Number of protein chains: 2
Amino acid sequence: MSTAEGARARARTEVTAAIKDEARRQLAAEGAAKLSLRAVARELGMVSSALYRYFPSRDDLLTALIIDAYDSLGEAVETAHAAVPAGEFLRRWTVACEAVRVWALAHPHEYALIYGSPVPGYAAPATTIPSAARVAMVLIGVVRDADRGPGLPGLSLPAELRCEAERMAAEIAPELPVEAAPAMVAAWAELFGLVGFELFGQFEQVVLDRERFFRHAVTRLGASVGLPA
Amino acid sequence: MSTAEGARARARTEVTAAIKDEARRQLAAEGAAKLSLRAVARELGMVSSALYRYFPSRDDLLTALIIDAYDSLGEAVETAHAAVPAGEFLRRWTVACEAVRVWALAHPHEYALIYGSPVPGYAAPATTIPSAARVAMVLIGVVRDADRGPGLPGLSLPAELRCEAERMAAEIAPELPVEAAPAMVAAWAELFGLVGFELFGQFEQVVLDRERFFRHAVTRLGASVGLPA
DNA sequence: CACAAAGCAGAGCACTGCTCTTGCATGAGA
DNA sequence: TCTCATGCAAGAGCAGTGCTCTGCTTTGTG
């Protein structure tokens, strides 16, 4: 009665939030594979079956955590990027990329949840797409602004890819020059390739000064999508 | 007595191979998370506890499969690459990259096992390193040969990265020019970023003509490490 | 040929996700 | 204000998991 939604509904959202919090704690501590509904329930002082009133299955709980992780990463990147003056395109780009890396190092298990191998038999529902796209939107925004501003240098685009590039540009970033679309997607993949390799141990005994190397790589990446130095 | 190693040892290696084969079958069918020692034993007509005579734990079985997967991928890339004339550097590069993609699409679960998120609490032993390095060795070989041949164009290398680049070059590819080392590592990460994104669904509704896009991306990648067109 | 070692089966432990029934407390309408 | 339906938690139980321990049988070898 204290709120418009009624006491019952409010209690429900509170318990739901508490479950997600505890699940996130266990996720950070042990990883997605060891996330157990029973353990979450135990920690919250309830019985395991009670959790199924809030999440119909373990996968649904994971989906909720996935969306939260995408949003957490997206917000981190957006705020870091927003602190850079709009005219410094390359710095906007590198700062956004570095925010991805910093977030990933701070939340390795959540990163693995969203960018690692998908759980078998689990298909991420379409609900996750908007949250998942936030990082890409920031990167696209930088290139779009640079294109409107000083003008992007013409990127090469072989004839056989023209058709696909036009579709890509039309579908994901209508304001982007057609030539930039494939380069953007490739840069996007390299960014997460770099972060994933560092996080998942592939750089062990290969790259030691990770931060410096990463900064160099994303700077080159900015140039590869046509950002002026 | 029929062989030098003795009948007992031979039976042991045969059973070990049978276990790995069945495990690989289940891995391909259901993914690493659903690989169950009991199911493997059941399919082989033995009891679960008997498996522990061959693999001390589930993780040890996974390690064996990981090494096999790295070797399978490495061999696929090596043979595809060997079919290209030594002088066509860019084609050697793209063929090797495309072999990675083809293998990954044919063995998605094994790819996820070696390049996806690591199992929590599981650290890949150093035994896996030689097998894991085979793909990188092929790529390094192409750039090395191109450098000895027509000469690689000078890649830019900021002063602050010089030290790390020298260490990287010395440690992983002594014959490589120092300037090429960071570019190689970045290209390596992008290659697996691209393949991973396609395999793990990140390209859904973003890239449709995957093969064409991939070919374009790895061609650009070859140029980025200095290979002449 | 005898013996020790290797391999096997089976029971059992402590878990997991998930389902079903039962009983209780509480919020909402008469 | 009282009643009643609804939301929720509890607990037992099912089928499965990785892993261990105890005996028993097979088998290669000195």
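Residues numbered from 1 in each chain as written. Chains lettered and ligands numbered in written order. Predicted model: local features only at pLDDT ≥ 70, side-chain atom pairs only at ≥ 80, totals over all residues. Heavy atoms only, no water.

- Looking at an unreviewed UniProt entry, one finds chain A named TetR/AcrR family transcriptional regulator and attributed to Streptomyces griseoluteus.

### Remarks on the interface of chain B and chain A
In many analyses, interface size is given as the accessible surface area lost on bringing the parts together.
Point 1. Counting residues at the interface gives 47 residues for chain B and 47 residues for chain A.
Point 2. Each partner contributes to the roughly 4,100 Å² buried at the junction of chain B and chain A, and carbon and sulfur atoms together form 65% of this total.
Point 3. Across the chain B-chain A interface, the total number found is 2 salt bridges.
Point 4. For the salt bridge of arginine 212 of chain B with glutamate 160 of chain A, the shortest nitrogen-to-oxygen distance reads 3.5 Å.
Point 5. At the boundary of chain B and chain A, one finds 11 residue pairs in polar contact (both at pLDDT 80 or more).
Point 6. Among the elements of the structure, α6 (108-115), α9 (159-172), α10 (180-199) and α11 (210-224) of chain B are those that each provide at least two residues to the side of chain B that touches chain A.
Point 7. For the side of chain B that touches chain A, the leading source of residues is α10 of chain B, giving 11 residues.
Point 8. Residue classes in the side of chain B that touches chain A are distributed as 27 nonpolar, 9 polar and 11 charged. (Contact = heavy atoms within 4.5 Å. Buried area = accessible area lost by both parts, 1.4 Å probe. Salt bridge = Lys/Arg side-chain N within 4 Å of Asp/Glu carboxyl O. Polar contact = N/O pair within 3.5 Å; in protein donor to acceptor, adjacent residues only side chain to side chain. Helix = DSSP H or I, 4+ residues; strand = E, 2+ residues; numbered from the N terminus. Nonpolar A, V, L, I, M, F, W, Y, C, P; charged D, E, K, R; others polar.)

### Digging into the nonpolar core
Taken as a class, soluble globular proteins show a tendency for nonpolar side chains to be buried jointly.
Point 1. Counting 146 residues, the largest nonpolar core has Trp93, Leu191 and Phe192 of chain A together with Trp93, Leu191 and Phe192 of chain B as its most contacted members.
Point 2. In this structure, tryptophan 93 of chain A is in contact with Leu139, Val142, Val143, Met184, Ala187, Val218, Leu221, Gly222, Val225 and Leu227 of chain A, ignoring residues within four places of it in sequence. (Core = buried A, V, L, I, M, F, W, Y, C linked by side-chain atoms within 4.5 Å. Buried < 20%, exposed > 50% of the residue type's maximum accessible area, 1.4 Å probe, protein only.)

### Topic: unusual backbone geometry
Point 1. The phi dihedral of glutamine 205 of chain A is positive, around 65°, even though this residue is not glycine.
Point 2. By the element assignment, glutamine 205 of chain A lies in the loop between α10 (180-199) and α11 (210-224).

### Quick look at the relation of the copies chain B and chain A
Point 1. Of the two same-sequence chains, chain B is brought onto chain A (RMSD 0.1 Å, axial shift 0.0 Å) by a rotation of 180°. With respect to symmetry, the two chain copies, as superposed, fit the operation of a two-fold axis.
Point 2. Most of the interface of chain B is mirrored in chain A: 100% of its interface residues are interface residues there too. (Least-squares fit on C-alpha atoms with pLDDT ≥ 70 in both.)

### A word on the side chain of arginine 210 of chain B
Residues and elements named next belong to chain B.
Point 1. As for its position among the elements, arginine 210 is in helix α11.
Point 2. Of the side chains with opposite charge, glutamate 204 lies nearest to the buried arginine 210, which makes no salt bridge, at 4.1 Å.
Point 3. When near neighbours in sequence (up to four residues on either side) are disregarded, arginine 210 contacts Arg101, Glu198, Phe203 and Glu204. (Lys, Arg positive; Asp, Glu negative; His and termini not counted.)

### Concerning the protein's contact with DNA strand D
Point 1. What surrounds DNA strand D is a group of 20 residues, the closest being Ser49 of chain A together with Ser36, Leu37, Arg38 and Arg58 of chain B.
Point 2. A breakdown of the atoms of DNA strand D within 4 Å of the protein gives sugar and phosphate a share of 48%.
Point 3. Arginine 53 of chain A places a polar side-chain atom, nitrogen or oxygen, 3.0 Å from a base nitrogen of DNA strand D.
Point 4. Taken together, the elements giving at least two residues each to the surface near DNA strand D come down to α1 (7-30) and α3 (48-51) of chain A together with α2 (37-44) and α3 (48-51) of chain B.
Point 5. The element contributing the most residues to the surface near DNA strand D is α2 of chain B, with 3 residues. (Near = heavy atom within 4 Å.)

### Some points on the UniProt feature "DNA-binding region" (unreviewed entry) in chain A
Point 1. UniProt tags residues 36-55 of chain A as "DNA-binding region" (unreviewed entry).
Point 2. Between the end C-alpha atoms of residues 36-55 of chain A the distance is 13 Å, and the span holds 55% helix and 0% strand. (UniProt positions renumbered as here; feature names shortened; annotations may be inferred.)

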